[in-house]
There are 2 protein chains.
Amino acid sequence: MNLAKRIALVVLCVASLALPAFAVDPLPSWNDTAPKKAIVSFVDRVTKEGSPDYVPMAERIATFDQDGTLWAEQPMYFQFFFALDRVKALAPRHPEWKEKEPFASLLKGDVKGALKGGERAMLEIVMATHAGMTTEEFAQTVKDWIATARHPKTGRPYTEMVYQPMLELLTYLRANGFKTYIVSGGGIEFMRPWTGKVYGIPPEQVIGSSIKTKFEVRDGKPVLVRLPEIDFIDDKEGKPIAINQHVGRRPIAAFGNSDGDLQMLQWTTAGSGTRFALLVHHTDAEREWAYGRASSIGRLDMALDEAQAKGWTVADMKNDWKIIFPFELPK
Amino acid sequence: MNLAKRIALVVLCVASLALPAFAVDPLPSWNDTAPKKAIVSFVDRVTKEGSPDYVPMAERIATFDQDGTLWAEQPMYFQFFFALDRVKALAPRHPEWKEKEPFASLLKGDVKGALKGGERAMLEIVMATHAGMTTEEFAQTVKDWIATARHPKTGRPYTEMVYQPMLELLTYLRANGFKTYIVSGGGIEFMRPWTGKVYGIPPEQVIGSSIKTKFEVRDGKPVLVRLPEIDFIDDKEGKPIAINQHVGRRPIAAFGNSDGDLQMLQWTTAGSGTRFALLVHHTDAEREWAYGRASSIGRLDMALDEAQAKGWTVADMKNDWKIIFPFELPK
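Residues numbered from 1 in each chain as written. Chains lettered and ligands numbered in written order. Predicted model: local features only at pLDDT ≥ 70, side-chain atom pairs only at ≥ 80, totals over all residues. Heavy atoms only, no water.

Residues Leu123(A), Ile230(A) and Ile233(A) make up a contiguous nonpolar surface patch of about 240 Å² in total accessible area. Note that Ile230(A) resides in strand E4 (residues 221–232). (Patch = residues over 30% accessible without salt bridge, like charges linked within 9 Å, V, L, I, M, F, W, Y side chains within 5 Å. Areas by Shrake-Rupley, 256 points an atom, 1.4 Å probe, with all protein chains shown as cover. Salt bridge = Lys/Arg side-chain N within 4 Å of Asp/Glu carboxyl O. Helix = DSSP H or I, 4+ residues; strand = E, 2+ residues; numbered from the N terminus.)

Written out as structure tokens, the structure is:
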């Protein structure tokens, strides 16, 4: 350390002596209702040295679902809008799509018609748009799209459709020594190019669904080529399996919003010691969307029953969140 | 922060002003030959702010093979000794093994005979000893074994058969803001229970081969059960694939010792900016083992040619390492 840095450090240290003893509210977009109190109480207990609930810093792992938990997922998963835009962009190279489902319907703007083919149609769309290029080419495509695409309802970039209370929660947990992970059914390589900037979560802490890749040397340069073959679906039972594979530790806190997160919350709360599980409940049709037990996207049914039975925390968007999106914040 | 802590911090800060300007040798077990100079020069360049080779801390990823790079691998991979010990321990529960290869030969102490069945025999031994229990049960079995098993030649615990120069290198890189990963052909769940203690590498930075797991709720408690089915082989082309999957960033430095590491080193050095690749060459029959181009374990042939062609660093154990194992250090 050079002298200037050392002096700066000492000045910082001395300044810290002068800090007021009261703390700034770390979760200002949360109402002072039960969920906020439960979060703060949990964090206090696991971080207080000497407390029976104390957890060493290295073991403070918190996992977050993404769609519907960190950002919105209506009227459909944002990654599906990416796939639709890619179908349009790639169509000139695929004249055969004009006659071939599900692409023909998609290109006419008929999403419902395209999805009549069910899971198989969905898979064909994903593979046609997510495979066949190198990992670096795909990352660049995602970066270009996320920088320019707009949500059909709000006209906002998708990265502004994130939940302000959850951004505060991520920061609050990290300030208390937690390592925050995303564990999403979405594509791992669809998320990694931008999660650092948007959530402060680096690529190595992003877990998701994946397709297989192949190592190849092209013109003397090694590349990884994305193959049209599913590798792993990071949903439901897949979430604890992927957490074990990527992290090798059981989280002490997990956050989700749908039945796809149930097993992650079960796995997290079944560990010994103090554990925390929270479900975001979409109850605000005015500021966001209201959906749950009967929704095809983000269905929250079995997990809500289990939350009630086991005393997990449920954050009711309408009642518990002062602000939903960052763009609602006063300028 | 309470007052006592703040005062302690200020004292620490002021003390740092008084530190001497010269540095202690961070790699005392390395001779002052070319490899050590190459390592130090690389680290200086990527960490010096304003240098054209500067790499931000978040991107300082270094990956290490394990067998033959961080610990020894002769007379055979240590994980195979674990499997043999497990066959013996499990034999009373498997009376049929007395008549069934490869177990019958193993139980008579005839490893060569057991391995006559080739890859299929090896796979049967691995599955019989590594699958069929929960992840937590397996981790406990590994912990018990690693605490008590002894190397057949040295009589030392396997965790003492690690390379002192590589331990110093791991510490040196981390002190310079690197995140150090293990990327091994060995089993990911065989390594994770002890790599934190031995190498300072936490489970989430350990990548390896894996078998599939299944999420199950047993008596109301969720568990992950290890299945007798290969999930991923983290060797050769598998290493860059797994690094991409787990880390999502290309390393800037990679360390290996065999042809199994070739693709990891190719992938690492093909990135833009300054990159570093090093091979440990086992040349010391007296203090360790001497093997390479013709060895069935840790064969170093194609990778050695490529190192010479591309100017990668080769650490010759006999000439470049003062000390091999920590137990050689003066008390």
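All names here are of chain B. Checked against the element boundaries, Glu73 lands in the loop between strand E1 (61–64) and helix H3 (78–90). Buried and unpaired, Glu73 has no salt bridge, with Lys239 as the nearest side chain of opposite charge at 8.9 Å. Within the structure, Glu73 has its side chain in polar contact with the side chain of Asn257 (distance 2.9 Å). Only 2.6 Å separates the side chain of Glu73 from the side chain of Tyr291, close enough to count as a polar contact. Once residues within four sequence positions are removed from consideration, Glu73 is found in contact with Asp67, Gly68, Phe78, Tyr163, Asn257, His282, Tyr291, Ile297 and Gly298. (Buried < 20%, exposed > 50% of the residue type's maximum accessible area, 1.4 Å probe, protein only. Lys, Arg positive; Asp, Glu negative; His and termini not counted. Polar contact = N/O pair within 3.5 Å; in protein donor to acceptor, adjacent residues only side chain to side chain. Contact = heavy atoms within 4.5 Å.)

Attention shifts here to the nonpolar core. Among the nonpolar cores identified, the biggest contains 66 residues, and Met166(B), Leu169(B), Tyr199(B) and Phe255(B) are the most heavily contacted of them. Ranked by the residues each element gives to this core, the list is headed by H3(B), at eight residues. What Leu169(B) contacts, discounting residues up to four positions off in sequence, is Leu27(B), Trp30(B), Ile39(B), Phe64(B) and Phe255(B). Of all hydrophobic cores here, the second largest spans 65 residues; its members include Ala72(A), Tyr172(A), Phe190(A) and Leu278(A). (Core = buried A, V, L, I, M, F, W, Y, C linked by side-chain atoms within 4.5 Å.)

Our next topic: the pairing of strand E3 (residues 206–218) of chain B. Regular strands show a simple pattern: their side chains alternate between the two faces of the sheet. Residue and element names in this part refer to chain B. The pairing of strand E2 (residues 179–187) with E3 spans three bridges and is parallel. Note on E3: the bridge partner recorded for Val183 is Ile207. The pairing of E3 with strand E4 (residues 221–232) spans eight bridges and is classified as antiparallel. Across the sheet, residue Ile211 finds its bridge partner in E4, namely Ile230. Hairpin geometry of E3 and E4 is characterised by an intervening segment of two residues between the two adjacent antiparallel strands and by a positive phi of about 50 degrees at Asp219. (Pairing = 2+ DSSP bridges.)

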